[in-house]
Amino acid sequence: MKKLALFLGSLLVVGTAVQAKEVVVAPVEVSKEIIVVAEPVVEEVVAPVFKPTGYVGVQYRAYGETEGHGDDIRWNTATNAADDNQDTWNRGANKYSRLETTFGVQATENFKLEGRIRDYNNLESNGDRSKNSKSGTETRLRAYYQHNDWFTSRVQYRDEEDDSQNLEYQARFTVYKNEGALLSKLLLAPKVYHSFPEDGGSNYMNTIGMDIEYAGNLPLGFTWDGTIYLNQNFYGQDFHTNADLTDNKDKDFVAEWEIYLYRTVALYSTDNYAIDFNFEGGYDPYKFGQYDKYTKNETTGKVSKSAKTTYSLYTLLTLDAEYKVTENFAVNAGVGAEYRNWDITAQDAASHWRWQPLAYVGMKATF
């Protein structure tokens, strides 16, 4: 019986196993690490849109009487002319005012226009024989076109106090630049120039030459700059090179040298206020001509000489106060005096250095 029971049990187990569904073992998935590489984001650089900028400035300046200057012009009735035996230094430039208007605009990235207008007016009157003051208007316009970082063209027009006019073209080459150095800038400017008188007559002058501009820094806070002018002049009328009015010439070579020193001492300053003591001075200019020149006064018959080598040496001291009304508008005022050899400028006889006081008030707006 036991054997039969075991046999039947075995058959039952086998039959059940045959009837059971096939079991499929599911594959084991192995997870993989996904690495996401971020592509670099390239930001598009948008060039700033150019906007015109500029400035406008106005300054009123008054000049007093030069130290020791004889105000009264004594008239010599015998010669019907001013007496030479009197204080004559700075004759024609005492007690007068100058209204100066300056402006500039950077119209495009390459084109710039600048202007300066000076209007001179007498502040006193000594009658018909008064020659103590300047009068007239002087206008200067300059247009610049920057071809590249080192080459700029400049055209200049001037209308002088005596109503003569002149035109000039310069090709300006920046050959050296080093901010903060002893020599921080050197610029060479070949040029052509034409000057013509008020009446448009033959008393004109043509010039070819070159300007050499320089600037730099010195110890103790001083800076310096200036220009060397090399001019080959051609005249429409002859000039005399001898006292007997002979040996006439119609061309000459002239070199002029300007060199200026500057120093500003800040006395007081806040965000909006500033009081400074300013110094400037130098040769303005030192002139080296090829010939002495002689002219004859048709009224008096006197022959006068213009020396071929002359210089004017000066010092200007001012005390200046500025108030910044807004970021784009400021006003200033100041007083000072200038010390110069006003009239006697020949190299071998330069003398009569005298003080002339001055005062000014002005404003400047930028946009």
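Here the structure is a predicted model, which means the values were calculated and not measured.

A. The arrangement of the overall build of the protein in detail. A tally of helices and strands in the protein yields 1 helix and 18 strands. Taking the intrachain contacts of the protein between residues at least 6 apart in sequence as the baseline, contacts between residues at least 24 apart amount to 54%.

B. Main features of the side chain of Thr139. Considering the arrangement of structural elements, one finds Thr139 in strand β6 (residues 136–146). If near-sequence neighbours (up to four positions away) are discounted, Thr139 is found in contact with Arg116, Ile117, Tyr157, Arg158 and Asp159.

C. Examining the confidence of the model for the protein more closely. For the protein, the average pLDDT comes to 86, and 81% of its residues sit at 70 or higher. Every residue in residues 4–8 scores below 50 in pLDDT, and together they form 0 contacts with partners more than four places removed in sequence or on other chains. In the predicted structure, residues 11–24 sits below a pLDDT of 50 and forms 0 contacts with residues beyond four places in sequence or in another chain.

D. Layout of the packing of aromatic side chains. Tallying each qualifying case throughout the model produces 18 aromatic pairs. In textbook terms, an aromatic cluster arises when at least three aromatic residues are bridged by ring pairs, as seen for Trp257, Tyr283, Tyr286, Phe288, Tyr311 and Trp353. One Lys or Arg, Lys293, reaches over the ring of Phe239 and ends 4.6 Å from the middle of that ring. The aromatic ring of Tyr55 is capped on one face by Lys364, whose charged end is 4.9 Å from the ring centroid.

E. Region of interest: the pattern of salt bridges. All chains considered together, the criterion is met by 17 salt bridges. In this structure, the salt-bridge partner of Glu100 is Arg118, at a minimum N-O distance of 2.5 Å. A residue pair is termed long-range when its members are at least 10 positions apart, and Glu100 in strand β4 (residues 96–106) and Arg118 in strand β5 (residues 111–122) qualify at 18 residues. An identical accessibility class is assigned to Glu100 and Arg118; each is buried. Glu168 is paired through a salt bridge with Arg154; the nearest N and O atoms lie 3.0 Å apart.

F. Looking closely at a negative patch on the surface. Among the surface-exposed residues, Asp162, Asp163, Glu198 and Asp199 lie close enough to one another that they form a single negatively charged patch. Within the secondary structure layout, Asp162 lies in the loop between β7 (151–159) and β8 (165–177).

G. Layout of the side chain of Gln156. Note that Gln156 resides in strand β7. Of the polar contacts made by the side chain of Gln156, one reaches the side chain of Arg142; its length is 2.6 Å. Among residues more than four places away in sequence, those in contact with Gln156 are Arg140, Leu141, Arg142, Asn166, Leu167 and Glu168.

H. Representation of a nonpolar patch on the surface. A contiguous nonpolar patch, built from Val265, Leu267, Tyr268, Tyr273, Ile275, Phe277, Leu319, Tyr323, Val325 and Val335 and spanning about 860 Å² of accessible area, is present on the exposed surface. Within the residue set of the nonpolar patch, elements represented by two or more residues are β12 (248–269), β13 (273–289) and β16 (309–326). Residue position: Val265 is located in strand β12. Judged by its relative accessible area of 34%, Val265 falls in the partly exposed class.

I. Up close: the pairing of β8. Where β7 meets β8, 9 bridges bridge the pair, whose relative direction is antiparallel. Across the sheet, the residue bridging to Val155 is Tyr169, located in β8. Hairpin remark: β7 followed by β8, antiparallel, with 5 residues in the connecting loop; positive phi at Asp163, about 70 degrees. Bridge count for β8 against strand β9 (residues 185–196) is 10 bridges, and the pairing is antiparallel.

Conventions and cut-offs
- Residues numbered from 1 in each chain as written.
- Predicted model: local features only at pLDDT ≥ 70, side-chain atom pairs only at ≥ 80, totals over all residues.
- Heavy atoms only, no water.
- Helix = DSSP H or I, 4+ residues; strand = E, 2+ residues; numbered from the N terminus.
- Contact = heavy atoms within 4.5 Å.
- pLDDT = per-residue confidence, 0-100.
- Phe/Tyr/Trp six-rings, centres within 6.5 Å; stacked < 30°, edge-to-face > 60°.
- Lys NZ or Arg CZ within 6 Å of the ring centre and 35° of its normal.
- Salt bridge = Lys/Arg side-chain N within 4 Å of Asp/Glu carboxyl O.
- Buried < 20%, exposed > 50% of the residue type's maximum accessible area, 1.4 Å probe, protein only.
- Patch = residues over 30% accessible without salt bridge, like charges linked within 9 Å, V, L, I, M, F, W, Y side chains within 5 Å.
- Areas by Shrake-Rupley, 256 points an atom, 1.4 Å probe, with all protein chains shown as cover.
- Lys, Arg positive; Asp, Glu negative; His and termini not counted.
- Charge placed at Lys NZ, Arg CZ, Asp CG, Glu CD.
- Polar contact = N/O pair within 3.5 Å; in protein donor to acceptor, adjacent residues only side chain to side chain.
- Pairing = 2+ DSSP bridges.

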